[in-house]
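Commentary on secondary and tertiary structure
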Amino acid sequence: QKEVEQDPGPLSVPEGAIVSLNCTYSNSAFQYFMWYRQYSRKGPELLMYTYSSGNKEDGRFTAQVDKSSKYISLFIRDSQPSDSATYLCAMSAGGSAGGTSYGKLTFGQGTILTVHP
Amino acid sequence: DAGITQSPRHKVTETGTPVTLRCHQTENHRYMYWYRQDPGHGLRLIHYSYGVKDTDKGEVSDGYSVSRSKTEDFLLTLESATSSQTSVYFCAISEYAGVVYEQYFGPGTRLTVT
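Residues numbered from 1 in each chain as written. Chains lettered and ligands numbered in written order. Predicted model: local features only at pLDDT ≥ 70, side-chain atom pairs only at ≥ 80, totals over all residues. Heavy atoms only, no water.

Digging into the overall build of chain B
To keep it simple, the criterion reads: Here a strand is any run of E in DSSP of at least two residues, a helix any run of H or I of at least four, and the numbering for each starts at the N terminus. Buried means the residue's accessible area, taken with a 1.4 Å probe over protein chains only, is under 20% of the maximum for its type, while exposed means over 50%, and partly exposed covers the values in between. Two residues form a contact once any of their heavy atoms are found within 4.5 Å. Using a 1.4 Å probe, the Shrake-Rupley method yields the accessible areas, and only the shown protein chains count as cover for residues. Only four residue types enter the tally: Lys and Arg on the positive side, Asp and Glu on the negative side, with His and both chain ends excluded. To locate a charge, take atom NZ for lysine, CZ for arginine, CG for aspartate or CD for glutamate.
Along the backbone of chain B there are zero helices and eleven strands. The N-to-C order of helical and strand elements in chain B reads β-β-β-β-β-β-β-β-β-β-β. By its C-alpha atoms, chain B is 45 × 30 × 25 Å across when sized along the principal axes. Buried residues in chain B amount to 48% of all 114 residues. Partitioning the contacts of chain B with sequence separation of at least 6, the portion at a separation of at least 24 is 54%. Of the accessible surface of chain B, which amounts to about 5100 Å², a share of 47% is contributed by carbon and sulfur atoms. Chain B carries 11 positive and 13 negative side-chain charges, and their two centres are separated by 4 Å.

Okay, here's the thing in structure tokens:
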């Protein structure tokens, strides 16, 4: 079983829809949770991150973490065709400077999202 | 884009030949990583570096070696390329940002082993 599971989709929605992307994980040591967006034939770019449980909002994007259920989500409101991309969740066990995690991330498989006009 | 370049951007090589991919950064970040990306697997860590000459293995390190002789350069070598190493390779850099290590990715190298 993979440490991080993500539904690969593909997910196709109409413009303006609310999109929900999800990941589950098995490693209780994960404390830092990131979402990356990757356009076709490009490198992933960091969208946002959260620490421990709770919500974080950034414009049309909301990241949610439920550590008790080992479940994280990314919501995209008023989705646009420019949001069409692969979305990857990533997790890390440690974040403190000098810690032995060295910033290593464990990624989900990625969800392919298409927003059509 | 973060100051990360990868070279070459595309390469086709034959089975059994050695291949070296280069990652170059201008951000002076301490940590550097090599990933491979394959359909159905997401990004998997091959090797990482936590300083000059300090490297360690990741999840899928068999058949790969790395070297870091300068802060700005991290080299990935496929000692004897195999068809299973056909993939897209991404380099990433990170630095501690006060709460979390923010990791930034290069544009990728598309490698085909025939």
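Description of the sheet that holds strand E7 (residues 64-70) of chain B
All names here are of chain B. Rules: Two strands qualify as a pair provided DSSP detects at least 2 bridges between them. All axes are obtained by fitting lines to C-alpha atoms, using only the stretch in contact for helices, and the reported angles, taken between N-to-C directions, cover 0 to 180 degrees.
The strand order across the open sheet formed by four strands is E1-E3-E8-E7, and the pairing between neighbours is antiparallel. Of all strands in the sheet, those bounded by a partner on one side alone are strand E1 (4-7) and E7. Neighbouring strand axes in the sheet, compared pairwise and without regard to direction, differ in orientation by 20° on average.

With respect to the nonpolar core
So the rule is basically this: Buried Ala, Val, Leu, Ile, Met, Phe, Trp, Tyr and Cys residues that are joined via side-chain atoms within 4.5 Å together make up what is termed a nonpolar core.
Counting 24 residues, the largest nonpolar core has A:Trp35, A:Ile72, A:Leu74, A:Tyr87 and A:Met91 as its most contacted members. When contributions to this core are tallied by element, the ones reaching two or more residues are strand E3 (19-25), strand E4 (32-38), strand E5 (45-51), strand E7 (61-66), strand E8 (71-76), strand E9 (85-92) and strand E11 (111-116) of chain A. Non-local contacts of A:Leu74, meaning those with residues more than four positions away in its chain, are made with A:Val19, A:Ser20, A:Leu21, A:Trp35, A:Leu47, A:Met48, A:Phe61, A:Thr62, A:Ala63 and A:Tyr87. Counting residues in each nonpolar core, the second largest holds 22 residues, with A:Met34, A:Leu105, B:Tyr35 and B:Leu43 among its members.

Focus on the pairing of strand E3 (residues 19-25) of chain B
The side chains of a regular strand alternate, first on one face of the sheet and then on the other. All names here are of chain B. On E3, burial follows the alternation: Val19, Leu21, Cys23 and Gln25 on one face are buried, whereas Thr20, Arg22 and His24 on the facing-out side are not. Note: E1 against E3, four bridges, orientation antiparallel. Paired with isoleucine 4 across the bridge in E3 is glutamine 25. In this structure, E3 lies alongside strand E8 (residues 73-78), joined through six bridges in antiparallel fashion. What sits directly across from threonine 20, in E8, is threonine 77.

Overview of the pattern of salt bridges
Residue and element names in this part refer to chain A. To keep things clear, this is the line we draw: Definition used for salt bridges: Asp or Glu carboxyl oxygen within 4 Å of a side-chain nitrogen of Lys or Arg.
On inspection of all chains with the given rule, the structure shows seven salt bridges over all chains. Two residues, glutamate 45 and arginine 37, come together in a salt bridge whose shortest N-O distance is 3.1 Å. Take arginine 37: its relative accessible area is 15%, and that puts it in the buried class.

Describing the interface of chain B and chain A
Threshold: Pairing of N or O atoms within 3.5 Å defines a polar contact, subject to two protein rules: one partner must be a possible hydrogen donor and the other a possible acceptor, and residues neighboring in sequence count only if both atoms are side-chain atoms.
Across the contact, 22 residues belong to chain B and 26 residues belong to chain A. Counting every contact that joins chain B to chain A gives zero salt bridges. Scanning the region where chain B abuts chain A turns up four residue pairs in polar contact (both at pLDDT 80 or more).

A look at the state of the cysteines
Residues and elements named next belong to chain B. Quick note on the threshold: For the purposes of this analysis, a disulfide is any pair of cysteine sulfur atoms at a distance within 2.5 Å.
Taken as a whole and judged by the stated rule, the model has two disulfides over all chains. Between the sulfur of cysteine 23 and that of cysteine 91 lies a disulfide, 1.9 Å long from S to S. Around the S-S axis, the bridge from cysteine 23 to cysteine 91 shows a dihedral of about -70° and counts as left-handed. Of the two residues, cysteine 23 is situated in strand E3 and cysteine 91 in strand E9 (residues 87-96); the sequence distance between them amounts to 68 residues.

These figures come from the coordinates and say nothing about function on their own.
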